[in-house]
Structure formats: C-alpha cells, structure tokens
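# Structural features, examined
Residues per chain are reported as follows:
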Amino acid sequence: MSHDHNHSHGFTGHTAGANQRRIGIAALLTGLFMVAEVVGGLISGSLALLADAAHMLTDFAALGLGWFAFRLSRRPSDERRTFGYHRFEVLVAFVNGLALFVIAGFIVVEAVDRLRSPGDILGGTMLVVAIGGLIVNIVVFAILHGADRDNLNIRGAVLHVLGDMLGSVAAIVAAVVILATGWTPIDTILSVLVAALVLVSAWRLVRDAGHVLLEGAPEGLDMADVEPHLVESVAGLREVHHVHAWSITPERRMATLHACIEEAADGTVVTRAIKMELKRRFAIGHATVEIERDCCADHDHAHPHADAHLKDRSA
C-alpha cells in the first residue's frame, strides 16, 4: 500500500482558537442573562419568558459543552484515537440538536397546560425582560456569526441562539399585545410557534451531525464523479475501485481507494497525483491509496484488464 508519510492529523490552528474564544464569550453572556430571565419569568408569570429561560439554560449548557469540545479537539492524537478528538465536536452538535427537540417538547406541554389553566401575566415586566433578552441574543449571535459557520459545533450554537432570539421576539410581541388588549393567550400561542421553528432547526442539525457520525459521504461530494475524474486526470492510472469517502468533521474530508495502474507506471508518482487531484477537485485533504497492478488484494474484485494483461505477459 502506497501512502504519504506525513500522517499528522493536527487540524487545530487560528480558526479553532478563534471559535473557542467566541463560543466561550457567548456562553458567559448567555448564562448571566439566563438568571435574569428566570427571575423575570417567575415575577411576571409569562410562559414565553420561562420557556425562553429554559432554552437559554440549554443554550448555556450547549455553548459550554461546545467550548469544551473545541478545547478537547486541540489535544494531539494518540495510540487509541489516531485522528485525535475532532469528532467530539460533531457529537456535541448531535446532542445539541436532540436537546432542541426536548426544549420544543417542553414548551408545547407547558403551553397546553397554560391554555387549560390560564394565569395573570405582568406585561410590563415581561416586556422589559424580553427586550433585554433580545439585546443579549443579538450580541451573542454577532459574536458567533464571525466564527466558522461550516463547523457543526458552531452551527449548533448558532441555532440555539437563533431559537432564543425568536423566543425573545415572541415574548416582546406577546407583552405588547397583553399591555394593549389584555389578551393573555397570545403568550402561549407565540410560544408554540417558536417551538415549531426550533424543531425545524433541530431536525437539520441532527440530520447533518448524524450523517457525519454514520460516516456518510461528505456534503456536496458525488461519489460517481471520483473514479472517472481520476482515471482521466492521472497518467498511468487504469482503474479506481473500493472508493470510500467520509468526514471526521465537515471540514476534514477523508478517503481510501484502490488504484490499478499500468505495469510501467511509478506507484509513488501515481499516488501523489491521485492525492493532489482529490485535494484539488474534491477538497479531500487526507487519502490512503492502495496500488495494484495485475489483481486486487480483495478477491471479490477482478480488474477488467487483468486477464488480457496476463496473456500478454505469457505470450
């Protein structure tokens, strides 16, 4: 098997450090305002505020866990984890997505209970706290917006914050309606609307993180294009098979493949050319290439050119 001897999988750098700092600041701001929102929700009696406070609690946990994931991912690889700890970021994003489902369910259950037993709501207190929450969420969103948006961990954090922003907007609208008309059911109705929007975002995050965890092909990569492109672009390459592509994280694409080459071709030269094309055309930064000539080491695959080649050699 031909391979590149530079097996460093240290994917950390300036971007990872910036992501860690941004998500750490976001966690701190979210945690501080979460306490104020819980107090405001209890005083005003607003379900929208309490639901948003519950969301902010999970946001704080999610952002804190995300910060820890970035910190952990900077640890070097070892004998047990040869690709390091980068996949932990994806696992955190998956858990964050599941947490969003739980939050949405909690909001809906509380909304049904509130419709059955409506209570008084202090619209003024609710409005002040909701405006403060929106300001904090906008600041946190701005902080995270400058981070790497392709990172699933960042995406999970941004989705949590967007859910909070929607919750704050809903609480503001509900407070204004209550102050103007006294119609308290608007608080519950808007809470359920926010829950529905949160569910959509949660599903997308769980789907994308789950795809990575299941070793699915990288987003935007058409596996059917890999073999014909390589055969056409790399001199001395006859056939490519057993092609597998996946991601450690969405930014860290990996691939393995078998390459059947011409008898006179230099295996090292072909391997380097294949890796260059995979990186240039498909953004695959690390590939393992097995060089073959007459037959495949895996007996279930026969090269179409093998029989004719062997006849030529025996003639």
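Each remark here, short or long, concerns the structure printed above.
Since the model is a prediction, treat every value here as computed from it, not as a measurement.

## Some words on the sheet that holds strand β3 (residues 286-292)
With respect to topology, 3 strands assemble into an open sheet ordered β1-β2-β3, the strand pairing being mixed. Pairing within the sheet leaves two strands with one partner each, and these edge strands are β1 (237-247) and β3. Strand-to-strand, the axes of this sheet are offset by a mean angle of 15°, without reference to chain direction. Where helix α8 (residues 267-282) meets the sheet, it contacts β1, β2 (253-261) and β3, and its direction lies at approximately 145° from that of β3.

## Quick word on unusual backbone geometry
Of note, the phi angle at Glu 215 is positive, near 60°, even though the residue is not glycine. Following the sequence through the fold, Glu 215 ends up in the loop between α6 (185-213) and α7 (223-233). With a relative accessible area of 40%, Glu 215 lands in the partly exposed category. A positive phi is found at Ala 283, a non-glycine position, where the angle reads about 60°. Looking at where Ala 283 falls in the secondary structure, it is placed in the loop between α8 and β3. Looking at Ala 283, the relative accessible area reads 45%, which means it is partly exposed.

## Some remarks on the pattern of salt bridges
Throughout the structure, instances matching the rule amount to 4 salt bridges. The residue Glu 215 makes a salt bridge to Arg 87 at a minimum N-O spacing of 3.7 Å. Of this pair, Glu 215 sits in the loop between α6 and α7 while Arg 87 sits in helix α3 (residues 87-116); the two residues are 128 residues apart in sequence, bridging distant segments of the chain. The salt bridge involving Arg 280 is made with Glu 277; its shortest N-O contact spans 2.8 Å. Of this pair, Arg 280 and Glu 277 both sit in helix α8, 3 residues apart, roughly one helical turn. A relative accessible area of 57% places Arg 280 in the exposed class. For Glu 277, a relative accessible area of 14% puts it in the buried group.

## A closer look at the packing of α3 against α6
The N-to-C vectors of α3 and α6 enclose an angle of 160°; their axes lie 8 Å apart at closest approach. In terms of their interaxial angle, α3 and α6 are classed as roughly antiparallel. For the pair α3 and α6, the sense of crossing is left-handed. Of the residues belonging to the contact of α3 with α6, the class tally is 23 nonpolar, 5 polar and 3 charged.

Cut-offs and rules
- Residues numbered from 1 in each chain as written.
- Predicted model: local features only at pLDDT ≥ 70, side-chain atom pairs only at ≥ 80, totals over all residues.
- Heavy atoms only, no water.
- Pairing = 2+ DSSP bridges.
- Helix = DSSP H or I, 4+ residues; strand = E, 2+ residues; numbered from the N terminus.
- Axes fitted to C-alpha atoms, helices over the stretch in contact; angles between N-to-C directions.
- Contact = heavy atoms within 4.5 Å.
- Buried < 20%, exposed > 50% of the residue type's maximum accessible area, 1.4 Å probe, protein only.
- Salt bridge = Lys/Arg side-chain N within 4 Å of Asp/Glu carboxyl O.
- Parallel < 35°, antiparallel > 145°, perpendicular 65-115°, else oblique.
- Left-handed = near helix turned anticlockwise from the far one by under 90°.
- Nonpolar A, V, L, I, M, F, W, Y, C, P; charged D, E, K, R; others polar.

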